[in-house]
Each structure stands twice: as structure tokens, then as C-alpha cells.
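# Coordinates in review
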Amino acid sequence: MTTTTPVTFDRRPDEYRHWRLHVDGEVAWLEMDVDEQGGLVPGYELKLNSYDLGVDIELYDATQRLRFEHPEVRVVVVTSAKDKVFCAGANIRMLAASEHHWKVNFCKFTNETRNGMEDATEHSGQTYVAAVNGTCAGGGYEIALACEKILLIDDNSSTVALPEVPLLGVLPGTGGLTRVVDKRRVRRDLADVFATRPDGVKGKTAVDWRLVDELVPRQGFREAVAKRAREIARESDRTGEGGIELTPLEHRYVDTDVTKDQVTITIKGPENDPGDLHEEGANGWFLAMTRELDDAILRLRTNEVEAGTWILKTQGDPEKVLAHEQAVFGAKDWLGNEITQYFKRTLKRLDVTSRSLIALIEPGSCFAGSLLELALAADRQYILDGPPIDDEDSDERATIRLSEANFGPFPMGNGLTRLQARFHGDDDHLAWLAREKDHELSAAEAVELGLVTDAPDDLDWEDEIRIALEGRASLSPDALTGLEANHRFVGPETIETKIFGRLAAWQNWIFTRPNASGPEGALRRYGTGQKAVFDRKRV
Amino acid sequence: MPEKIDYDAKIPNNVNLSEDRRLQRALEGWQPKFMHWWGEMGPTLETQGVYLRTAVSVGREGWAHFDHVNVPDYRWGIFLAERDPDRRIAFGEHKGEEVWQQVPGEYRADLQRLIVIQGDTEPASVEQQKLLGLTAPSLYDLRNLFQVNVEEGRHLWAMVYLLHAYFGREGRDEAEGLLLRNSGSPDAPRILGAFNEETADWLAFYMFTYFTDRDGKYQLGTLKESSFDPLSRTCEFMLKEEAHHMMVGTTGVDRVVTRSAELIREHDTLDIGPHGGIPLDIIQKYINFHYTVSLDLFGSETSTNAANYYTAGLKGRWQETRRKDDHKLTDDARTLEKPAADGTWTSEEMQAILLLNLDLRSEYVADCQTGVKRWNKILADAGVDHTFRLPHPGFNREVGINSGHHVTPDGTIVDEATWQAGKSKWLPTTEDLTFVRSLMHPVYERGKIASWVAPPRQGINGKPFDYEYVYLT
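Numbering of residues begins from 1 in every chain and follows the order in which that chain's sequence is written. Lettering for chains starts from A, numbering for ligands starts from 1, and both go in the order in which the items are written. The predicted nature of this model means local features are confined to residues of pLDDT at least 70 and side-chain atom pairs, given and counted, to a pLDDT of 80 or more, with totals for whole chains, interfaces and linings taken over all residues. Each side-chain value is worked out from all heavy atoms of the structure, with water and hydrogens disregarded.

Going by an unreviewed UniProt entry, chain B carries the name Benzoyl-CoA 2,3-epoxidase subunit BoxB and comes from Amycolatopsis mongoliensis.

If you check an unreviewed UniProt entry, chain A appears there as 2,3-epoxybenzoyl-CoA dihydrolase from Amycolatopsis mongoliensis.

Next up, the structure:
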């Protein structure tokens, strides 16, 4: 299933179709109330609070607004506005009818949103609590799993379930399997029983197995949840007031130029010196640039599926970039923290994007500090060692700069900085790099420090880059996706790397196998009343 | 060493209970919980003996034994219809194979769910009818209430037996859960909505036993077709008992209509409320309510669950073996009438297998119609110019394609305002309910009956109406 009109990610709470967000002091309520007829693409009904990309885009918007617009909110209660149904997960008819790339992109985005909820709990003191008020299956339980606490209604019939394997022949792909054992530390044998039974687990057993944290009586459920939420709010260290409004995007700092095979993303540095972070709000360069970049990544991933190479460029004054970076780091308050965390998540989105990422560092660019992270996120970096191509008399040269931004605040999903990942296990080299921060690095120095792949001169530049890009475009996109994903994440495994690497890779494989998506596969047959026919050979 | 208990005596059964130690232990653990539940949630009225039918064997003849029984001492037992050793699976992808004597692992969860949902309805009606004994219109009716109640209790035992015997520890947990949920409980309500509605008066009881128990008949009918033979045999025997409940409903409404017709003739007015009768328009509103709530029990018109159950062989169609088709339904089509946004009815052709709930509901609707005909004949014979009607299946629905639409009893799709304006004409109002309740005075004298209902034409087991069906303190 693909749309003919491009998908946008702009949403506003007063225009949500599927969620209700209301803030009650330090507790926010995020209630899922999916409009059955409100699918993003025609052809399926969103029954039982099941979701598609459109539903999840609103959820993402809500989580972002809670962080920036509501610094006073310490606890977010995720629940359902429907009686007896929390959420039935991703809509199966949508999945069954979707093309492979749509399914994968959808899963990736939903995973990122759920990781974002955990990130809010961990790094912003905004704790997510799931108030499961009824049937909670598959992706519904995965939403709950992304919360810090899961409260389950104790009505003697509501269950939590991960029925993907028995019912659909696929995996709970939005972190379900991983979070059950890694995050909630459910014993693996019990997790195995849980994930192979279609009917799920209820009540005391769900608590005993650690699938949920607490049971809450049906009568007075809401009040009890509210009470619990206020208790949890007291434990939070989040402080702040004067949230800033996330105004509609203006596309001032991020340009995207799409051709058939490739996309050029140009990030423009700030024009002015930083002002007051709070006064500038959503207009401040760092936040505006991050929002635009985030939006660009999402739109390009969803709408431009054949443009397999993304070229990353910057334009502007490195000094001003570093000044704005300092304003954010130096703020030492909730807003500075939120902007930092948001840029971190946006870089992570880039890390898990299944496109070849090539950074081109040219004269007039501003790959400094935070923006250098973009280059470090890329699969290859080329720096022009010479004058600008269109002005050979110019003295201007391409440079890069390391700053404290490259040594900690923006870790990847594996918990390492991009430099740590690039020089994995080479502590001496990292120490050397640390001594080289806060000054300009020429093309030659960048090569010497191992920060770029190559530094062609002005005579070779155009040909070298053209050949590199054309060569790239001729390779199998599937093989490239596998290659890049393996190289990007070195070192330790985390829940995130497992979800995006291991779990997503298995799911991709399963999605294309006949047992799931063949004409008689479980995903295709779901809802027809006919049973799947499995090829019984284990591979 | 504890003394060996003779379970054949304690729990009448034909499932060889005395030789199944595991099952004995399970039922032994459950029985006191059941008795506790009965004590808490069973009939409020204390009696010294009720003339009850007790199943003593499952054979074609003489399976029922009548005697005065102290209600809590009723011998709830486990009876399965006799086994047909040649029975084969009649439908779905396993058609033609031998029926299953054990639960196939593949279908464990689905079968358990089906049995739990069926089981959950059985004690629910007892709970809903808990207070009715206090206002029975005659000893005969009081006796029937208890008969229905003890048999619903036994039907619970039947489902619990299956859970205990075939579903291991989880089955035992679910069996206990059946006693932990309670009708209308704010904390742990019954699974299906209709079983959380109040049965506040005897007209509602007759309507419930006519319409809602009839749904039970059709649900049991589909489970009787199940490839899981113990479930099939259990349901077959339950259907025999269920027939009596529907007799209570059918004749109950008959008698109310008869009495109303008499009062209309006697006083030459339809406004018989002041004369102690139930006006025909209130009866119609009760029909409208109970019929539509019962339609909800059939679930959504289109159901992939029902289709999956059918393909797997877990739940068949009504009288599956008499149907003349391939019993697989993968290539058949059927039409579904749907309300459209513009207020018209449209139809859509769909795979028959996705419309099995509709198929069952259609059988049910036709059956309900026979009752309405009976009641109209009573009116016609009495010379009363009035007819009852079943409302359109889209009327007052909370489940399926019609939920979210406003459909009048005659099938017109209207807007919210029109619906709200008409509601008091179509469904019982608080005033209607209060009025009916005001007529509900107990009549416990032998041979006497309340003002609003006619005596039955026949008593129970050949006994006259004025027989002392219930010994009261």
C-alpha cells in the first residue's frame, strides 16, 4: 500500500483525529481514540484502536509537544478513551496490504517513537505510564512496554498479549520481544510461553511474570491511575515552566533536493548570533534546524523510497554554529536539555536510515561540532582540498571543527559517541582527538586524524564524487542496507541496537518469506477465515 | 489417609469421574467455591423444597427425574450426550477427519476462549435473576425460576468440566474466574454486555428467557457441531435443558399477552395499566429492548474470528450437517445490508465465510418471529386489533455494522435528534419500568396468580396449576 500524495508529518493537537491530549498540572493524559475511518490510506478500517502510520504520526507529535510545550509535565499517562480496549496494535489489514518498504518504514518510525517515549522518561524526567484499561495486544502492548510503568485493569478478563507469532506468523516487531526480556526482565521461558499464545496473560499472572507492574481495580480505575501518576510525578526531577510552542515548520534551514537516485540535504548554519533561548523558542536556529532536519528525514524515508543515496551538505559560518551550540549547552535548564536530546534523537534517526549517507565537506560549509556529527553519521566523508570549484582564485578552504558536542552529548543507539564508534577500541586515538577540539582542522589534518574518507583536490573533486555516487547507485540496495547497518553499529548491544538491528532484520526477513506474505501465508490469510499454510522446513 | 469419597454420588456424572483422579481433585477444589458463589449470588428467596427436574441419565427417555429438592442440595452434575463412535468432522479444513477427543494444541487458546465465553453467560443469568424470587406471580412461576437457575448452574458445571478436564492449570484458573466475575459488577463484570443488564421484573424475565436464552440455544447449536467431541456432546445435552427455559419464556409472554387481552376486553380500553395489566405498547417496548440486546450477542455481522473458528472446525453453523453446500465456504458469497452515511441502505457482496455470525443471527431472527406470531394470534383470537412486531435488526444496536447509526424499529436511518425524540416510544422508559415494577407483588398462595399474568394452560410434569410447587417456610 502506498499513497499517491506524499505523507506529511505536520500535526497539531487540536486537529488530531486519533488521540486526545490534555494536561492536568504535572500529569498529562494521552488518550488513544482511533477514528476507524481515519486510515492514512484507503482500504482498511482502524478497528479496536489499531493503528497505522497516521495514528503514530500524531503520537509522535504529542510526545514532542509534551517535551517542549509542557516543561511542567512530569508524568504522561497513556491510556485509551475506548471502553474495554486499550489498543490492538498495528492494523493487520494495513500491514497485509502494504508493500514491503511501507511496512518496514512504518515499523521503523513506530520504533523510534517508542524509543522517544523511553528517552523522555530517562533524559527529561517525563515518565510515561501505561494505564491499560482493556484488551492490549501486539503493538498495543508494545506501546505499554515503551512506558516506564504498566498498570493493568483488574477486571478478570483484560489481558496483555503478543500474538504475532501464533496469529500472523510474524514478530512483535516494535521492540516487543526485546523489551520483554531485556527491559522488563521476564524470564526467557515465560517470555517464550507468552509470545506463542494468542490469548495473552491476565491479572496476577501478568504481574508474577513481570509483564505488567500493578493491577488496578476496574471501579475507580481512572482515579486510581491519576493518584498513582501523581505519586510517580513526585519522584521526577523535571522542573521547568514557560514551555515554548512548536509553531508550524518554515523550512528555513534545511533544503532537500530530490532526483531519481539521490537526495541532497543542505543544512544552513545560523545567520545571527544566538539570542535568549526561551525568547527565541521555536525560532531559535538550533531547534528550528533540528525540527526541519527531523521532518526532512521522515518525509524522505516515507515518500522517496528509490532515492538511495543521501548527500549531506552544510552551508554557513562554523563560528556561529558553535556559538548556538554553546547557547544550548550553556543554558543548563530544561529547554537546553530538550534541544540537546532532540538533536540526539534526530541524529539517531539518521543512523538507522536505510540509505547510503555521504557527507560532502566543501568551502563555505560549517561541519563544526554538532553539525560535524552529521558527517560522522555518514557512511563516507569527502572533503575538498582546494578552493571552491566555481572560484579557483578564492582563499576559502573547507575545514571541520571538533567541539565538546562530539564527545558525549549525542550518543548513538549503542551508547557510543560517533567518534567512539568510528575509532572503536582505540582509546589513544580518541585522546588525541580530544586534544584537537576547538580549532579549525584543514583537509590534510582531517585526513590525518581519520575524520574523513578522502580529500580530493579541486581538479579531481567533481569526477571523484561523481564516480563514487554512480558506483554507489549501481549496487544492490538490499546489500547496501545490510552493509551499512552492520558497519554503523560497532561494539556493545543495547535494547535499541537489538530492536533496529537484530529484531528489525529478522522481521524484514520474515515479512518477505512465503510463510508470512506468500499467497497462503499467515499475514495474507489473516482475516479471511482461512488458515495459513506453512512450509515446514526450518531455515 | 483421608476417606475415599464416592464422587459418583457427590457429583452425578457420565464421564467416569470416579476413575479420573486429576479431574476429581480439580472439581473437588471448585465445588465449594461454586457453593459459596451460589450462596452469595444465587436466588435470594429461601425455600424448603422446590419441585425440580434433575437429570439422572442422558438417554432418550427418562433422563429427567422430578421431586421436591432443597435448592442448594440440587445435584449439579456432569452430563454429556452419548458418544457416537463414528462421528466425523462435518466442516472446515478438517472435514471428513475423525472428531477430536482431545484438544489439539494448535487450537487450545481458541477453544478455551469459546468455552470461557459460553461459560461466563451461564452464572450471569442466575445473578441477573437473583431477586426475582421475591416477586414471583405464582408458585408455578417461582418453581420455573428455580428450575432455570439450577440448570444454568449445571450448564456452568458443564463448561467447568471441559475447562478442568482438558485445559490443565489454566483451565482451572479460568473456571475460577467464572465465579469471580459477576453480572453488573463495576470491578469484574461479565464478558458480554447483555449479561450485565438488569432483569428487574418478571416481564423482563420472560423476555430474557425467550430472547436471550434463545441466543444461547443458537450458540450451543454451533458448539454442538464442534470437532472437539467432548464440547459437542456437552452442548447437545445442554440444549435439551435449554428447551425448557425457552418454554418458560414463550409461555410467559403468552400469558402476559393473554391477560392483557382479557383486561382490554373486560374494560374496553387499551389503557389497562390502572386495571393491573401491562399495556401492549409496553410489551412491545420490552420486545424491542430484549430482542436487540440479544442480537448484539451474535457479534459483528462480519467476523474473521467466526470464520477462523469455522475453518478450524471449532464452531459450525446451525444444523451444519443438514446444509447442502461444501461445508468449507471458501468460494461462496453472500450479501450484507449496511447502513450508508447518506441514510440509505446499501448492500455489499462478501465471502460467505466472513458472514457466519449473520448466518446464525438469521436463523435466530426467523425463530424469534414464531413467538411474535403466537402472541399476535392470541390477540387476534381475543378480538384485539393490535399486532406486535420485531424491530429492524439495525435498531438499537451496540455491536456490528449498525452500531453508531440511528435506525428506527421500521428500519429508517435517522439522525441523532430524531432518534432521541423517538426513543421513549420505542424502548422502555424509566416510567414504564417503574410501572411494571409496581405490579410485581409476590403471590405465594397455592392456585393464586398475580393480576398482570394469566395462569399457565398446563402445569409441570402433569401436575395441576394449583400444585404446591414450592414449599415455603
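This paragraph deals with the overall build of chain A. Of regular secondary structure, chain A possesses 22 helices and 19 strands. Values of the radius of gyration come from C-alpha atoms, whereas the globule rule sets the reference at 2.2 Å times the count of residues to the power 0.38. The C-alpha radius of gyration of chain A comes to 24 Å, within 12% of the 24 Å expected for a compact globule of 539 residues. C-alpha extents for chain A along the principal axes are approximately 80 × 55 × 45 Å. Across the 539 residues of chain A, 56% fall into the buried class. Nonlocal contacts in chain A, meaning residues at least 24 apart in sequence, comprise 77% of its contacts between residues at least 6 apart. About 22,100 Å² of surface is accessible on chain A, with carbon and sulfur atoms providing 47% of the total. We count a stretch as a helix when DSSP gives it H or I for four or more residues in a row; a strand needs E for two or more, and each element gets its number in order from the N terminus. Exposure classes here rest on a 1.4 Å probe applied to the protein chains alone. A residue is buried below 20% of its type maximum, exposed above 50%, and partly exposed in between. Residues count as neighbours in contact if any of their non-hydrogen atoms are within 4.5 Å of one another. Note on areas: Shrake-Rupley with a 1.4 Å probe; residue coverage comes only from the protein chains shown.

Helix and strand counts for chain B stand at twelve helices and seven strands. Computed over C-alpha atoms, the radius of gyration of chain B comes to 23 Å, within 12% of the 23 Å expected from 2.2 N^0.38 for 473 residues, which places it in the range of a compact globule. Dimensions of chain B, computed from C-alpha atoms along their principal axes, come out at roughly 70 × 60 × 40 Å. When burial is assessed residue by residue, chain B has 58% of its 473 residues classed as buried. Here the analysis covers contacts within chain B between residues at least 6 apart in sequence; of these, 72% occur between residues at least 24 apart. In the form shown here, chain B has an accessible surface area of approximately 19,700 Å², with 47% of it arising from carbon and sulfur atoms. Charge counting treats Lys and Arg as positive and Asp and Glu as negative, with His and both chain ends excluded. Every charge is mapped to an atom, namely NZ of Lys, CZ of Arg, CG of Asp or CD of Glu. The centroid of the 52 positive side-chain charges in chain B is displaced by 4 Å from the centroid of its 71 negative side-chain charges.

Further remarks concern the pairing of strand 17 (residues 380–383) of chain A. Strand direction decides the pairing type here: strand 16 (residues 356–361) of chain A and strand 17 of chain A, joined by four bridges, are parallel. Looking at the pairing, A:I358 lines up with A:R380 of strand 17 of chain A. Between any two strands, at least two bridges found by DSSP are needed for them to pair.

So, about a positive patch on the surface. Residues and elements named next belong to chain B. Together, R21, R22, R25 and R172 give the surface a local cluster of positive charge. Considering every element that reaches the positive patch, the biggest residue donor is helix 2 (residues 21–41), with three residues. Along the chain, R21 turns up in helix 2. Distance thresholds for patches are 9 Å for like charges and 5 Å for nonpolar side chains (Val, Leu, Ile, Met, Phe, Trp, Tyr), applied to residues having over 30% relative accessible area and no salt bridge. By definition, a salt bridge exists where a carboxyl oxygen of Asp or Glu is found within 4 Å of a side-chain nitrogen of Lys or Arg.

Listed by partner, the interface residues are 19 residues for chain A and 27 residues for chain B. Buried area counts how much accessible surface, traced with a 1.4 Å probe, disappears from two parts once they are put together, with both parts' losses summed. Between chain A and chain B the total buried area reaches about 1,800 Å² when both faces are included, carbon and sulfur atoms providing 41% of it. We note a salt bridge from B:E174 to A:K202, for which the minimum N-O separation is 3.0 Å. Polar contacts, as used here, are pairs of N or O atoms within 3.5 Å; protein pairs need one atom able to donate a hydrogen and one able to accept it. Residues neighboring in sequence count only if both atoms are side-chain atoms. Taken together, chain A and chain B are joined by ten residue pairs in polar contact (both at pLDDT 80 or more). Residue classes in the side of chain A that touches chain B are distributed as two nonpolar, seven polar and ten charged. Here the term charged refers only to Asp, Glu, Lys and Arg, the term nonpolar to Ala, Val, Leu, Ile, Met, Phe, Trp, Tyr, Cys and Pro, and the term polar to all other amino acids, Gly among them.

Another point: the pairing of strand 2 (residues 27–32) of chain A. Residue and element names in this part refer to chain A. Burial within strand 2 is extensive, with six of its six residues counted as buried. Neither face of strand 2 is open: one carries V27, W29 and E31, the other A28, L30 and M32, and all of them are buried. One ladder, built from six bridges, connects strand 1 (residues 19–24) with strand 2; its direction is antiparallel. Bridging from a neighbouring strand, W19 pairs with M32 of strand 2.

This part covers the sheet that holds strand 2 (residues 64–69) of chain B. Whenever strands of a sheet pair, they do so through backbone hydrogen bonds, lying parallel or antiparallel. Residue and element names in this part refer to chain B. Here three strands make up an open sheet; going across it, the order is 2-1-7 and the pairing antiparallel. Of all the strands in the sheet, the pair left with one neighbour each is strand 2 and strand 7 (470–471). Relative to strand 7, strand 1 (residues 49–55) is paired through two bridges, and the arrangement is antiparallel. Within the sheet, the bridge partner assigned to V50 lies in strand 7 and is V470. Packing against the sheet, helix 4 (residues 139–166) makes contact with strand 1, strand 2 and strand 7, and its axis sits at approximately 40° to strand 1. Every axis corresponds to a line fitted to the C-alpha atoms, with the helix fit spanning only the stretch in contact, and the corresponding angles, defined between N-to-C directions, vary from 0 to 180 degrees.

All names here are of chain B. With respect to the helices and strands, G276 occurs in the loop between helix 7 (229–267) and helix 8 (280–296). Along the sequence, G276 and V453 sit 177 residues apart, while their C-alpha atoms lie 9.4 Å from each other. Sequence-distant contacts of G276, that is, excluding residues within four places in its chain, are made with L263, L439, S451 and W452.

Counting 127 residues, the largest nonpolar core has A:Y141, A:L211 and A:L451 as its most contacted members. Here this core gets ten residues from one element, more than from any other, and that element is helix 11 (residues 285–303) of chain A. Not counting the four nearest positions on each side in its chain, A:L211 is found in contact with A:Y141, A:I150, A:V160, A:V180, A:R184, A:V186, A:F194, A:V201 and A:A206. Here, nonpolar core means buried Ala, Val, Leu, Ile, Met, Phe, Trp, Tyr and Cys residues that are tied together by side-chain atoms lying within 4.5 Å of each other. Core analysis: the next-biggest nonpolar cluster, separate from the first, contains 113 residues, B:I89, B:L163, B:L223 and B:I272 among them.

Our next topic: the confidence of the model for chain B. All names here are of chain B. pLDDT is a per-residue confidence score from the predictor, ranging from 0 to 100. For chain B, per-residue confidence averages 92 on the pLDDT scale, and 97% of positions sit at 70 or higher. When pLDDT is averaged over each element of chain B, helix 8 comes out on top at 97 and helix 1 (residues 7–10) at the bottom at 60. Segment residues 1–7: pLDDT under 50, and seven contacts once partners within four positions in sequence are set aside and those in other chains are kept. In the predicted assembly, ipTM is 0.73 and pTM is 0.85.

This next bit is on the sheet that holds strand 14 (residues 262–268) of chain A. Residues and elements named next belong to chain A. If you walk across this open sheet you meet the five strands as 13-14-15-16-17, and the pairing is mixed. If you trace the sheet from one side to the other, it starts and ends with strand 13 (254–258) and strand 17, each paired once. Ignoring strand direction, the axes of neighbouring strands in this sheet form an average angle of 20°. Note that strand 14 and strand 15 (residues 309–315) share seven bridges and pair parallel. For T266, the partnering residue across the bridge sits in strand 15 and is K313. Against the sheet, helix 18 (residues 461–474) makes contact with strand 14, strand 15, strand 16 and strand 17, and its axis sits at roughly 165° relative to strand 17, the strand it touches most.

Below, the discussion takes up the environment of A:D182. Residue and element names in this part refer to chain A. If you trace the backbone, D182 turns up in helix 6 (residues 176–183). With 145 residues separating them along the chain, D182 and Q37 place their C-alpha atoms 36 Å apart. Not counting chain neighbours up to four residues away, the residues in contact with D182 comprise I495 and K498. In this structure the side chain of D182 is engaged in a polar contact, spanning 2.7 Å, whose partner is the side chain of K498.

Quick look at the side chain of A:R345 now. All names here are of chain A. With respect to the element layout, R345 can be found in helix 13 (residues 334–351). Exposure remark for R345: the relative accessible area of 12% places this residue in the buried category. A distance of 2.8 Å separates the side chain of R345 from the side chain of Q64, its partner in a polar contact.

The subject of this paragraph is the packing of helix 3 (residues 100–124) of chain A against helix 20 (residues 495–512) of chain A. All names here are of chain A. Close contact between helix 3 and helix 20 brings their axes to 11 Å; oriented N to C, the two are set at 155°. Here helix 3 lies roughly antiparallel to helix 20, going by the angle between them. Considering only the axes of helix 3 and helix 20, their crossing is right-handed. Of the residues in helix 20, those in contact with H100, K103, V104, C107, K108, N111, E112 and N115 of helix 3 are E496, I499, F500, N508, F511 and T512. Taken together, the residues of the contact of helix 3 with helix 20 sort by class into five nonpolar, five polar and four charged. We call two directions roughly parallel when the angle between them is under 35 degrees, roughly antiparallel when it is over 145, roughly perpendicular when it lies between 65 and 115, and oblique otherwise. By convention, the crossing between two helices is left-handed when the near helix turns anticlockwise from the far helix through less than a right angle, and right-handed when the turn is clockwise.

Quick look at the pattern of salt bridges now. Note that side chains of opposite charge can pair when their charged atoms are close. Tallied over the full model, the rule gives 79 salt bridges over all chains. For A:K82, the salt bridge is made with A:D33, and the minimal N-O distance between the two is 2.8 Å. Of the two residues, A:K82 sits in the loop between strand 4 (75–80) and strand 5 (84–87) while A:D33 sits in the loop between strand 2 and strand 3 (50–51), which places them 49 residues apart along the sequence. The partly exposed category is assigned to A:K82, whose relative accessible area is 24%. Among the ionic pairs, B:D432 bridges to B:K285, the shortest N-O distance being 2.7 Å. A residue pair is termed long-range when its members are at least 10 positions apart, and B:D432 in helix 12 (residues 430–439) and B:K285 in helix 8 qualify at 147 residues.

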